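# Reading the structure
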Amino acid sequence: MWKFTVRRLLITTPQIILLSAIVFILAKMMPGDALTGLIDPTLSQERIAEMREKLGLNNPWYIQYRDWLAGVVQGDFGQSFKYQMPVTELIWQRVINTFWLSLVSTIMIYAIGLPLGIVSGRYNDRLIDQLITGYTYLGFATPVFIFGLVALWIFGFMLGWFPTGGSVEPGLEPGTFEYILSKLHHLLLPSLSIALIGTVGTVQYLRSEIIDTKQRDFIITARAKGAPERRVYNRHIFRNSILPIAAFFGYEIINLINGSIFIEQIFSYPGMGNLFIESIMLRDYSVVTALVLLSGILAILGALLSDIILSVVDPRIRIK
Amino acid sequence: MSNPLLEIKNLKTSFRIGEKYYAAVDDVSLNVNENEVLAIVGESGSGKSALAFSVMGLHNRAKIEGDIFFKGKNIANLPTKEMNKFRGNELSMIFQDPLTALNPLMEVGRQIDEVLILHKSNMPKSQRKKYIIELLERVEIPRPKHVYNQFPHELSGGMRQRVIIAIAIANQPELLIADEPTTALDVTIQAQILDLMRELKDDLNSGVVLITHDLGVVAEMADRVAVMYAGEIVEIADVDTLFNNPQHPYTRSLLSSIPLLDDAQDKLHVIHGIVPSLKHLPREGCRFSARIPWIEEDAHEEQPTLHEISPGHFVRCTCYKHFYFPDESKEDQNHDVAKS
């Protein structure tokens, strides 16, 4: 088990290095550089050339990459030109906000998806299943940013039940009960928007797994043992159907990153996604590269997590 | 004679296709006594498994008419809750495919344990484990303590079938239904499994319904044989009579389609055609008539019934009196002409 995990971790190292190179090269290939957008237009050409030289922007790309990578390894992603602060510091606050958003969304995704999937699969083709399946089709067809906008408009703007932006009420002392409550209040609507759309995949997947498992021979064996339906479902059908869902958990993280980019923008929630779009607009490349690299690493780790979970829950691929 | 262990009377099991119900088991009556092996033979689609599932109450959406008396109690259409007291307990089943009949995510020991938890709830856990290991020994699984914690995929097909047998006999059933228990196994393993089943049957003194299409298995195991065709029983007799003096055209065709080592025939007999699908089963007249077209129509009864031609030997329809095998060589010539 440990050997397997360590081996998988070792494999991810070259993946991450490759990812960093691609991210860096792509950023370099984009038009303009850090000095194009934000410097004083009255500055003379000589002065700009001098600054270029000083910042190492005239070096060949591999030297620049080496310097950048050396910084990254030490947790230094450079300066943000927009905010005039170290990227690491800037991102850190945003990462925490996004973490809470993702956590609450994930809980909601499973809190909604598991019961709906189970009911839908157990009573397939009955009315209740048709209603749930109808919802999943609607969810598949609705882009999350449209849904988020409508939710914001109805519950935030018209009904005023939820705040329409930010991550916390200003003027509250961090750590107090009111502060946490306010944070949660700000999280609910964006999380719910992500979850209601994001969960439809889980519902559909679980439904088809259950329908599939229901027809397996070992379910007949269980019934032939004299097991009551409740036991047949709980011990045999659900447990076996939830396995691929559990294994999918790691990949769910990747989806959350994608989903939160739009949702954070719509709810002006100060998270990574929001920062990402803003930085692209302003050509704040040191922030963009940092964020892309971070999301990439998260995706790789998510896939790793899925592999590990699967090997833990499924005895057929258990590593000894 | 005392009451039979299992008495099936006029059982009719129908499945719904579209708006109508079609009977897969049509008016079947059978008895099974203690310590008796009744084999049910027939081609695929003849209704053997549907019959077994009806007795176990395992059909999901079938209409079951008629009576199934188990130890004098009618268990046909019994509510699931009532039925669960019998299933896995006095009445148990061995399945066809050991590769799929076990839950892949549960240790072997726990799968056997389940049937004990369900029917012997007052047995403490440590005792159950001891008993399960005894059971594994009883079905001749080597290293039972080790196998107790293994998963099905770590065992071979033969071993898995032994585990399934262990589950079936865990509560000393009085009636054991074996649905093609050796079909998915290779021949050497088949013989071992059959030996084991026979031993266990003698130990437990239980009745066995053995469903198979393998006449070799029948010859080895059965006391009596019921031959099914298209949902009906066409012939019942004790095993010696059936093999030595088969009467119904279907039984005779089946027997003459077995290759024999000491009888160097040029060609095996082939029953032309297939069992019609459920929806297209003939519901009137002799159901086998379509596959023996060279027999004249007046040889068949209009409403074929079972006739007792000697004590305990029943044959359906009157066509058996007029049946003969066609001259295969001549027939082949005809085929060749037709082809060219």
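Residues numbered from 1 in each chain as written. Chains lettered and ligands numbered in written order. Predicted model: local features only at pLDDT ≥ 70, side-chain atom pairs only at ≥ 80, totals over all residues. Heavy atoms only, no water.

As a reminder, the rule being used: UniProt positions are given in the numbering used here, feature names are shortened, and annotations may be inferred rather than shown by experiment.
Going by an unreviewed UniProt entry, chain B carries the name ABC transporter ATP-binding protein and comes from Filobacillus milosensis. Regarding chain B, the relevant UniProt record gives this comment under Sequence similarities (unreviewed entry): "Belongs to the ABC transporter superfamily."

Under an unreviewed UniProt entry, the name given to chain A is ABC transporter permease, and the source organism is Filobacillus milosensis. Under the UniProt heading Subcellular location (unreviewed entry), the entry covering chain A gives this text: "Cell membrane".

## Some remarks on the overall build of chain B
Spelled out, the test is: Put simply, DSSP marks the helices as runs of H or I at least four residues long and the strands as runs of E at least two long, and each gets a number from the N terminus on. Radius of gyration here uses only the C-alpha atoms, and the compact-globule reference equals 2.2 Å multiplied by the residue count raised to the power 0.38. Categorising residues by exposure relies on relative accessible area from a 1.4 Å probe, with only protein chains included: less than 20% of the type maximum marks a residue as buried, more than 50% marks it as exposed, and the intermediate range marks it as partly exposed. Here, residues are in contact when the closest pair of their heavy atoms is within 4.5 Å. When charges are counted, Lys and Arg are positive and Asp and Glu negative, with His and the chain ends excluded. Taken as the charge location is NZ of Lys, CZ of Arg, CG of Asp or CD of Glu.
Scanning chain B from terminus to terminus reveals 11 helices and 12 strands. By the compact-globule yardstick of 20 Å for 340 residues, chain B fits well, its C-alpha radius of gyration being 22 Å. In chain B, which comprises 340 residues, the proportion classed as buried is 51%. In chain B, the share of contacts with a sequence separation of at least 24, taken over all contacts with a separation of at least 6, comes to 66%. Of note, chain B has its 36 positive side-chain charges centred 10 Å away from the centre of its 49 negative side-chain charges.

## Some points on the overall build of chain A
For clarity, the cut-off: Accessible surface is estimated by sampling points in the Shrake-Rupley manner with a 1.4 Å probe; for residues, cover comes only from the protein chains shown.
Scanning chain A from N- to C-terminus turns up 13 helices and 2 strands. Its C-alpha atoms give chain A principal-axis dimensions of roughly 85 × 55 × 40 Å. Sorting the 320 residues of chain A into buried and exposed places 42% on the buried side. In the structure as shown, chain A presents an accessible area of about 17,300 Å², 68% of it carried by carbon and sulfur atoms.

## Re the confidence of the model for chain B
Residue and element names in this part refer to chain B. Threshold: Each residue carries a pLDDT score, the predictor's confidence in it, ranging from 0 to 100.
Looking at chain B as a whole, its pLDDT mean stands at 87, while 94% of the residues score no less than 70. Note on residues 334–340: pLDDT is under 50 here. Beyond four places in sequence and across chains, it has 0 contacts. Two summary scores accompany this predicted model of the complex, namely pTM at 0.81 and ipTM at 0.85.

## What about the interface of chain B and chain A?
Stated formally: Throughout, the accessible surface (probe 1.4 Å) given up by two parts as they are put together, summed over both, is called the buried area. A pair is scored as a salt bridge if a Lys or Arg side-chain nitrogen falls within 4 Å of a carboxyl oxygen belonging to Asp or Glu. In protein, a polar contact means a hydrogen-donor-capable atom and an acceptor-capable atom, both N or O and within 3.5 Å, with residues adjacent in sequence counting only if both atoms are side-chain atoms; elsewhere, any N or O pair within 3.5 Å suffices. Residues are grouped as follows: Ala, Val, Leu, Ile, Met, Phe, Trp, Tyr, Cys and Pro are nonpolar; Asp, Glu, Lys and Arg are charged; all remaining types, including Gly, are polar.
Taken together, the contacts link 26 residues of chain B with 21 residues of chain A. Across the chain B to chain A interface the summed buried area is about 2,200 Å²; carbon plus sulfur atoms make up 58%. Taken as a group, Leu105, Glu114 and Leu118 of chain B account for 28% of the area that chain B buries against chain A, more than any other trio of residues on that side. Where chain B meets chain A, there are 2 salt bridges. Taken together, chain B and chain A are joined by 13 residue pairs in polar contact (both at pLDDT 80 or more). Here the side of chain B that touches chain A takes 6 residues from helix 3 (residues 108–119) of chain B, the largest share from any one element. Grouping the constituent residues of the side of chain B that touches chain A by class yields 15 nonpolar, 7 polar and 4 charged.

## Digging into the state of the cysteines
Residues and elements named next belong to chain B. Selection criterion: By definition, disulfides here are pairs of cysteine sulfur atoms that lie within 2.5 Å.
Summed over all chains, the structure comprises 0 disulfides over all chains. With no disulfide of its own, Cys286 lies 3.8 Å from the sulfur of Cys317, the closest cysteine sulfur. Residue Cys286 is classed as buried on the basis of its relative accessible area, which comes to 8%. We note that Cys319 lacks a disulfide partner, and the nearest cysteine sulfur, in Cys317, lies 3.6 Å from it. In this structure Cys319 comes out as buried when scored by relative accessible area, which is 0%.

## Describing the sheet that holds strand 5 (residues 73–74) of chain B
By definition, the strands of a sheet pair up through backbone hydrogen bonds, in either a parallel or an antiparallel sense. Residues and elements named next belong to chain B. So the rule is basically this: One requirement defines pairing of two strands: DSSP has to find at least two bridges between them. Throughout, an axis means a line fitted to C-alpha atoms (over the contacting stretch in the case of helices), and angles, computed between N-to-C directions, take values from 0 to 180 degrees.
On the basis of which strands lie adjacent, the open sheet formed by 4 strands has the order 2-1-4-5 and antiparallel pairing. Every other strand in the sheet has two partners, leaving strand 2 (20–32) and strand 5 as the edge strands with one partner each. Pairing of strand 1 (residues 6–17) with strand 4 (residues 62–70) involves 8 bridges; the strand directions are antiparallel. The residue of strand 4 that forms the bridge with Glu7 is Phe69. On top of the sheet, helix 1 (residues 48–56) reaches strand 1, strand 2 and strand 4; it is set at about 110° to strand 1, its chief contact.

## Describing a nonpolar patch on the surface
All names here are of chain A. Put simply, the rule is: Patch rule: a residue counts if its relative accessible area is over 30% and it has no salt bridge; like charges are joined within 9 Å, and nonpolar side chains (Val, Leu, Ile, Met, Phe, Trp, Tyr) within 5 Å.
A cluster of nonpolar residues, Phe145, Ile146, Leu149, Val150, Trp153, Ile154, Phe155, Phe157, Met158, Leu159, Trp161 and Phe262, forms a patch on the protein surface that exposes about 1,200 Å² of accessible area. No other element matches helix 7 (residues 144–158), which puts 9 residues into the nonpolar patch. Along the polypeptide, Leu159 turns up in the loop between helix 7 and helix 8 (177–198). Classification of Leu159 by relative accessible area gives partly exposed; the value is 43%.

## So, the sheet that holds strand 12 (residues 313–316) of chain B
Residue and element names in this part refer to chain B. If you trace the 8 strands from one edge of the open sheet to the other, you get 6-7-8-3-9-10-12-11, paired in mixed fashion. Across the chains shown, the open sheet's two edge strands, defined by having one partner strand only, are strand 6 (91–94) and strand 11 (306–310). Strand-to-strand twist in this sheet, taken as the mean axis angle between neighbours without regard to direction, amounts to 20°. Where strand 11 and strand 12 come together, 4 bridges link them in antiparallel fashion. Across the sheet, Ser310 pairs through a bridge with His313, a residue of strand 12.

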